[in-house]
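Chain residues, written in single-letter form:
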Amino acid sequence: MNLSNFLNSQNYNPGLKEIILDIQAGSIQVYQQLNEAEQDIFGSSGQKNVQDEDVQKLDLLANDIFIRIFRKNMHIHSILSEENERILTCDNDGAYIIAMDPLDGSSNIDVNIPVGSIFSILKNTPEGFLQKGSQQQLACYVIYGTATMMVFALNKSVFGFTLNTKTKEYNLTHSNIRIPVNGNIFSINEGNFNSLETPVKQFLDYCKQLGSDKKRTHTGRFIGSLVADFHRNMLKGGIFIYPKTADKPHGQLRLIYECNPIAFIAKNANGESTNLNTSILDVKPVKIHERSPFVVGSKNMVARLLEFYH
Ligand code: AHG
Ligand code: MN
Ligand code: MN
């Protein structure tokens, strides 16, 4: 079943349906840039973003693609993007606002490793983008990997669609995704080991213990694209950890357009997330580009890590 037929078969809000179709359209353009582009899409744009990070050419291309499409959607009131310091207000007085990381994992573009796009859709309320993640109406990511896939959480279920690159259609391939309650994958940048808090170090030691059969009990996997690391852990069972570090006291990932949508998808797939103090989805943001420590994945693995804090 293709995405349009699927949406027609569901009793979703019409505005949210149109937003999903817009993400479909934009992601196919990003896919085409990645796979069929004749222009040079690699490398740095020479600019820095609001978080003083190097902006890649593809960050800007993806940002432009999605903004151009969302601006025409009468259901969207405003857009918050990682690549724009300020909120962009659309001409339409739409019922929804959309926060996005148009290109996640951009340091991986030049080396042919999966990247993604992440979207968080909220109602247009007086709080604007500073709403708790639990208020999200729809969360979605696209992973441009060995296959291009769109995953979204809506009405308490998570679905995955895979792009048929010939027909340029997304087809339903993953119905009602559930994160395994137990897992054996841990995903963390261990280059940060010496600046981790003791409980995280203890959890990593626990993951590295051998079983009575002398075999490893866990396996380490870290791609460096949140979307790809989460996607694998969601399907196979695992935990993704990006805690605060000595030089990043608030962690690396952005609360509103990275942590929240991934946490919302995890929750609707029976997974768990935390900032190591409270559930991510219960955090009230103070700033649109604020960062947060982020842990997400299999329920029992997240619980095990939190035990080291208690
Ligand atoms: P972005 O490309 O949107 O800036 O996000 C990169 C993020 C995330 O995808 C990844 O998990 C993390 O940064 C990797 O950070 P390190 O290089 O510190 O491991
Ligand atoms: Mn990102
Ligand atoms: Mn990004």
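Residues numbered from 1 in each chain as written. Chains lettered and ligands numbered in written order. Predicted model: local features only at pLDDT ≥ 70, side-chain atom pairs only at ≥ 80, totals over all residues. Heavy atoms only, no water.

1. Describing the overall build of the protein
Part 1 of the reasoning: Helix and strand counts for the protein stand at seven helices and 17 strands.
Part 2 of the reasoning: Here the protein has a C-alpha radius of gyration of 19 Å; the compact-globule value for 310 residues is 19 Å, and the two agree.
Part 3 of the reasoning: Referenced to the eigenvectors of the C-alpha coordinate spread, the extents of the protein come out at roughly 60 × 45 × 40 Å.
Part 4 of the reasoning: When burial is assessed residue by residue, the protein has 54% of its 310 residues classed as buried.
Part 5 of the reasoning: Here the analysis covers contacts within the protein between residues at least 6 apart in sequence; of these, 61% occur between residues at least 24 apart. (Helix = DSSP H or I, 4+ residues; strand = E, 2+ residues; numbered from the N terminus. Rg over C-alpha atoms; globule rule 2.2 N^0.38 Å. Buried < 20%, exposed > 50% of the residue type's maximum accessible area, 1.4 Å probe, protein only. Contact = heavy atoms within 4.5 Å.)

2. Some words on the coordination of the manganese ion (ligand 3)
Part 1 of the reasoning: Around the manganese ion (ligand 3), the donor atoms from the protein are E82 (OE), D101 (OD) and L103 (O), and they sit 2.1 to 2.2 Å away.
Part 2 of the reasoning: Read N to C, the donor residues that coordinate the manganese ion (ligand 3) are spaced as E-x18-D-x1-L. (Donors = N, O, S within 2.8 Å, 3.2 Å for Na, K, Ca; no water.)

3. So, the sheet that holds strand β15 (residues 272-274)
Part 1 of the reasoning: Here five strands make up an open sheet; going across it, the order is β12-β11-β13-β17-β15 and the pairing mixed. Taken across any chain shown, the strands that pair with only one partner, and hence form the sheet edges, are β12 (219-220) and β15.
Part 2 of the reasoning: Two strands pair when backbone bridges link them, and β15 and strand β17 (residues 294-297) are joined in this way by three bridges, in the antiparallel orientation. By the bridge assignment for β17, E272 is matched with G297. (Pairing = 2+ DSSP bridges.)

4. So, the coordination of the manganese ion (ligand 2)
Each pair of donors in an ideal four-coordinate tetrahedral metal site encloses 109.5 degrees, whereas pairs in an ideal six-coordinate octahedral site enclose 90 or 180 degrees.
Part 1 of the reasoning: With distances of 1.8 to 2.2 Å, the protein atoms coordinating the manganese ion (ligand 2) are D101 (OD), D104 (OD) and E258 (OE).
Part 2 of the reasoning: Read in sequence order, the donor residues for the manganese ion (ligand 2) give the motif D-x2-D-x153-E.
Part 3 of the reasoning: Here the manganese ion (ligand 3) and the manganese ion (ligand 2) are spaced 3.7 Å from one another, each receiving a donor from D101. Assigned by exposure class, D101 and D104 land together as buried.

5. Topic: the pairing of strand β13 (residues 238-242)
Part 1 of the reasoning: With five of its five residues buried, β13 lies for the most part within the structure.
Part 2 of the reasoning: Across three bridges, the pairing between strand β11 (residues 185-187) and β13 is parallel. Counterpart to S187 in the pairing with β13 is F240.
Part 3 of the reasoning: Of the pairings in the sheet, the one linking β13 to β17 comprises four bridges and is antiparallel in character. Note on β17: the bridge partner recorded for Y242 is F294.

6. What about the domain arrangement of the protein?
Part 1 of the reasoning: We note that the domain assignment places domain 1 (3-174) and domain 2 (185-309) within the protein.
Part 2 of the reasoning: When each unit is reduced to the centre of its C-alpha atoms, the spacing between domain 1 and domain 2 is 23 Å.
Part 3 of the reasoning: The interface is formed by 44 residues belonging to domain 1 together with 32 residues belonging to domain 2.
Part 4 of the reasoning: A buried area of about 2,900 Å², summed over both sides, lies between domain 1 and domain 2, and 64% of it is on carbon and sulfur atoms.
Part 5 of the reasoning: When the buried surface of domain 1 facing domain 2 is broken down by residue, I118, L130 and Y141 rank first, second and third, together holding 20% of it.
Part 6 of the reasoning: If you look at where domain 1 meets domain 2, you find four salt bridges.
Part 7 of the reasoning: Across the salt bridge formed by E53 and R291, the nearest N and O atoms sit 3.3 Å from each other.
Part 8 of the reasoning: Taken together, domain 1 and domain 2 are joined by 16 residue pairs in polar contact (both at pLDDT 80 or more).
Part 9 of the reasoning: Counting only elements with at least two residues in the side of domain 1 that touches domain 2, the list comes to β3 (76-81), β5 (96-104), β6 (115-123), β7 (138-144), β8 (148-154) and β9 (157-164).
Part 10 of the reasoning: Residue composition of the side of domain 1 that touches domain 2, grouped by class: 22 nonpolar, 14 polar and eight charged. (Domains from an automatic or database assignment. Buried area = accessible area lost by both parts, 1.4 Å probe. Salt bridge = Lys/Arg side-chain N within 4 Å of Asp/Glu carboxyl O. Polar contact = N/O pair within 3.5 Å; in protein donor to acceptor, adjacent residues only side chain to side chain. Nonpolar A, V, L, I, M, F, W, Y, C, P; charged D, E, K, R; others polar.)

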